[in-house]
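Architecture and fold: a report
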Amino acid sequence: MAVSKLWPVRSRLSKVINYAKDENKTAATLYNKSDLEALKDVIAYAQNEEKTEREFYVDAINCNPLMARDEFIYVKEEFDKLDGIQAYHGYLSFKEQDITPDLAHEIGMEFARRVWGKRFQILVTTHLNTHHLHCHFVINSVSFVDGKRLHGEEKAWFRFRHIADEVSKEYGLYFDEKPKRQRKTSKIHKGYYQKLESAGMPTRYSLAKSAIDEAIFKSTNLLSFEYELKKMGYKVSLNPNHRYWTIIPKGYAKPIRLKALGDEYTNEAIKKRLLENQDLKLKTFSPCQIKVRVYHLPTRFDHIKKHKGIYGLYLHYCYRLGYLPKYKKQNPNHLHPLLKEDLLKVEEFSKEMRFLSKHQIKTDKDLFDYKEKLKKEIRINNQKIEQIKYDFKKGLPKDSSRRYELTALRSYNTSYRQELKLIDRIAKRSGMIL
């Protein structure tokens, strides 16, 4: 049994509930006649309430499946919690292809009862439109018992996946006792930092590596290594009881695992490098510099030499004091590591200033009004997008103008969401409360 993660639903409840109850997915289209006969028994309505509320493989716990959305909203209104996350959506997928829809649905119901059945309303459906049967769960974010939101282990798949394993074991199904979980690399790490490094700009990771190299070069043991890093402004955790050593650059809250920087920065590799330094005479650290071929061109200094007298002497001392030439740039190799990290944030500040200037935002009221305007535009565009997709689904011609309009609306929403993030950063930096 493979269990996916549970993700929050912040949009309309009807959208996710209609998806889970889609008859094209809950109807058996990949099974033989005997399976279809079993499906007819499920569809048929009997006299009792439980069966009359069951359509295809759609069931519910602590609510009526035909009125799940209304009952979800009623609980939210009862406890005055209509804002925020509306529900949670998850699914349970089965590896076996010979499992019957009835058994898959029964397992899904049992799993939902054990995890959320005591406090929450749950819609449980089994989709039969793929070769691997899978159960969908839509869980109300607010408990009908005490009005508290879904939190902690109730929404942590990596914690209650053990319940899924227990249910699988009871029903004789496959489950992986030692699942391999791949670490997800954030989009910012993949795109943003790689883009900076490819452009030759320093990043928090490249600066951390250079700082560690310098600290190792000047040290022979862990104490001196930690001391050198702290001198450069890094917070260091070299606890021997921890599996991974970490450092935190100045201005950041999230630590960096030294192991993530490469094979040369693991715990054992650093110890080995420090041990090798004990047999060597420590020298002043000087990072490797690329020698660039320099061609002699006429400079301002050559121009100064042509002037004599008091004016020539004045130009000479201006040059020696560094006032001239005006165009001389600071050598980035001479900057302190802390200053390099501060320079990384200059572009972020520049974006915020350009944004405020472009939209003539001078007060916090202007900022909040513009934010509400963006949210309204996004809602309007989403309604247009849903209408276009609905028209396509109903079989209307997919002409190029409608496709172009759909692409343009999505592009506008993307730019609006980026501006919303920018507004949140400005408000946070200014101490405002959005």
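You'll find the structure just up there.
Computed from a predicted model, the values in this text were never measured in an experiment. (Residues numbered from 1 in each chain as written. Predicted model: local features only at pLDDT ≥ 70, side-chain atom pairs only at ≥ 80, totals over all residues. Heavy atoms only, no water.)

**Examining the overall build of the protein**
- Each helix and strand in the protein was counted, giving 17 helices and nine strands.
- For the protein, the proportion of its 434 residues judged to be buried stands at 35%.
- A fraction of 66% describes how many contacts in the protein between residues 6 or more apart in sequence connect residues 24 or more apart. (Helix = DSSP H or I, 4+ residues; strand = E, 2+ residues; numbered from the N terminus. Buried < 20%, exposed > 50% of the residue type's maximum accessible area, 1.4 Å probe, protein only. Contact = heavy atoms within 4.5 Å.)

**Overview of the sheet that holds strand S9 (residues 256–257)**
- Within the open sheet, the three strands sit side by side as S7-S8-S9. Their pairing is antiparallel. Here the strands that pair on one side only, and so sit at the sheet edges, are strand S7 (235–237) and S9.
- Relative to strand S8 (residues 246–248), S7 runs antiparallel, the two sharing three bridges. Bridge assignment links Ser237 to a residue of S8, and that residue is Thr246. (Pairing = 2+ DSSP bridges.)

**Some points on the packing of aromatic side chains**
- Considering all chains together, one arrives at five aromatic pairs under this definition.
- For the ring pair Phe111 and Phe137, a centre distance of 5.7 Å and an interplane angle of 50° mean the geometry is tilted. In this pair, Phe111 sits in helix H6 (residues 101–116) while Phe137 sits in strand S6 (residues 134–140), placing the two residues 26 residues apart along the sequence. Here the two residues Phe111 and Phe137 agree in accessibility, since each one is buried.
- Taking the centre distance of 5.7 Å and the plane angle of 65° together, the rings of Phe355 and Tyr370 count as edge-to-face. Note that Phe355 is positioned in helix H15 (residues 346–358) and Tyr370 in helix H16 (residues 364–393), a separation of 15 residues in sequence.
- Phe355 gets classed as buried once you look at its relative accessible area, which sits at 5%.
- Classification of Tyr370 by relative accessible area gives buried; the value is 15%.
- Cluster of aromatic residues (ring-pair linked, three or more members): Phe111, Trp116 and Phe137.
- The residue whose ring lies beneath Arg204 is Tyr252, and the NZ or CZ to ring-centre distance is 4.5 Å. (Phe/Tyr/Trp six-rings, centres within 6.5 Å; stacked < 30°, edge-to-face > 60°. Lys NZ or Arg CZ within 6 Å of the ring centre and 35° of its normal.)

**A look at the packing of helix H9 (residues 204–217) against helix H11 (residues 267–277)**
- Look at H9 against H11: their axes get within 9 Å of each other, and the N-to-C directions meet at 35°. Across the interface between the two elements, Asp213, Ile216 and Phe217 of H9 pack against Ile270, Arg273, Leu274 and Asn277 of H11.
- Residue composition of the contact of H9 with H11, by class: four nonpolar, one polar and two charged. (Axes fitted to C-alpha atoms, helices over the stretch in contact; angles between N-to-C directions. Nonpolar A, V, L, I, M, F, W, Y, C, P; charged D, E, K, R; others polar.)

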